[in-house]
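# Results of the structural survey
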Amino acid sequence: MEKILSLDGISKWFGATQAVAEVSLNLPQGILALLGSSGCGKTTLLRLIAGFEQPQTGSIEIAGRKVASVNCWIPPEQRRLGMVFQDYALFPHLTVAENIAFGLKKQEKNAAKRLIELVGLTGLEQRYPYQLSGGQQQRVALARALAPQPQLVLLDEPLSNLDMQVRLRLREEIRDILKATGTSAVFVTHDREEALAIADLVAVMSKGKLEQIGTPQEIYTQPASRFVAEFVTGANFIFAERQGQLWATEVGYFAAADNEQEQVDLMIREEDLLIEPTELEAAATIHNRRFLGREYRYCVLTPSGKELHARTSTNQVLPVGAKVRLKATSVKIFPLERSRS
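So, here's what we can say about the structure. (Residues numbered from 1 in each chain as written. Predicted model: local features only at pLDDT ≥ 70, side-chain atom pairs only at ≥ 80, totals over all residues. Heavy atoms only, no water.)

## Here we look at the sheet that holds strand 4 (residues 57-62)
Formally: Strands are treated as partners if at least two bridges between them are detected by DSSP. Put simply, DSSP H or I for four residues or longer makes a helix, DSSP E for two residues or longer makes a strand, and each gets a number counted from the N terminus. Between the N-to-C directions of two axes lies an angle of 0 to 180 degrees, each axis being a line fitted to C-alpha atoms and, for a helix, fitted only over the stretch in contact.
As summarised here, the arrangement of the four strands in space is 2-1-4-5, forming an open sheet in which the pairing is antiparallel. Each end of this open sheet is capped by a strand with a single partner; those strands are strand 2 (17-27) and strand 5 (65-68). In this sheet, neighbouring strand axes are inclined to one another by 30 degrees on average, regardless of whether the strands run parallel or antiparallel. Relative to strand 4, strand 1 (residues 5-14) runs antiparallel, the two being bridged by five bridges. Bridge pairing links Ser-11 to Thr-57 in strand 4.

## Quick word on the pattern of salt bridges
Our working definition: A pairing counts as a salt bridge when a side-chain nitrogen of Lys or Arg comes within 4 Å of a carboxyl oxygen of Asp or Glu.
The full count for this structure, using the stated rule, is 16 salt bridges. Where Arg-175 meets Asp-200, a salt bridge forms, and the shortest distance between an N and an O atom there is 3.1 Å. Residue Arg-175 is found in helix 5 (residues 164-181), and its partner Asp-200 is found in the loop between helix 6 (192-198) and strand 9 (201-206); the two are separated by 25 residues along the sequence. Put simply, Lys-179 and Asp-200 hold a salt bridge, and the shortest N to O gap is 2.7 Å.

## With respect to the sheet that holds strand 9
As a reminder of what qualifies: For this analysis, residues touch if any pair of their heavy atoms sits within 4.5 Å.
With respect to topology, six strands assemble into an open sheet ordered 6-7-8-3-9-10, the strand pairing being mixed. Across the chains shown, the open sheet's two edge strands, defined by having one partner strand only, are strand 6 (81-84) and strand 10 (209-214). With direction set aside, neighbouring strand axes in the sheet form an average angle of 15 degrees. Inspection of the sheet shows strand 3 (residues 31-35) paired to strand 8 (residues 184-189) by five bridges, in the parallel sense. By the bridge assignment for strand 8, Leu-32 is matched with Val-186. Where helix 1 (residues 42-50) meets the sheet, it contacts strand 3, strand 6, strand 7 (152-156), strand 8 and strand 9, and its direction lies at approximately 150 degrees from that of strand 7. Along the sheet face, helix 8 (residues 226-233) touches strand 3, strand 9 and strand 10 and points at about 115 degrees away from the line of strand 9.

If you want it as structure tokens, here you go:
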């Protein structure tokens, strides 16, 4: 299958700061999320793909055509890209229909009409941006980006300016619209749930580097690094030493996998950490409890004072200060942090 997007060793510096560090990835078809915290380089990488910045190493290909390298640079308007910005970037003096059809050739006007229906704006064609809600304005921006039938659509934090309910609804609609039109896309987000819900592939970035790329399921269940585990899954880490077929920790024993390591850190996702009341004095203690609607999130203090977090159903309610025993339905082994070794 032809790759819609291919990055090979892309790097970008701003002065002495390396914003993107030798990033390589391929997107066959579908939706790619660039996920990371502020300053990780994800927006810079999107700008490099768009043509707003030029890489200092590496190359970029879109649909098999080289558009950027050290010696090659195709301007943004010649890359057959659609762009959806965080702040919508609509023309305030144009109607919904005029915004979507802006720049289209006469024979493409019918496509704009079909997109109005697809994004759920039928009946609003003659309204101006100021007469629309934030969600409606973002639908206009998406329809405008799709109207020229681009090879790839780039979305820069498209939902960050919307309230929670609109974000939850629109993230599903954006995926459905992209799939309905057969359009591949790259979108930037710092929201892990958003990335997992919308994307076919998730690329997790940290300090300009690509930490891991994979399906949402792979990223969540098999994180390749401690950073991915903490950022995407909110995982706990606890020191463990081998004792025969078990890992011994300060909060109990866990089954040991077949490997030769004697000391490791065990990764336990919050939903995999089970807490049970106990009378043992050396047990962990519930430090606080937060109600999250469908579940409780407990902060548990170990005897050494380390904080661990667990999510449970609302059927289980344990008071703050209660002594608890910890178990895990699943653990993953990570090498010890250098500070401990």
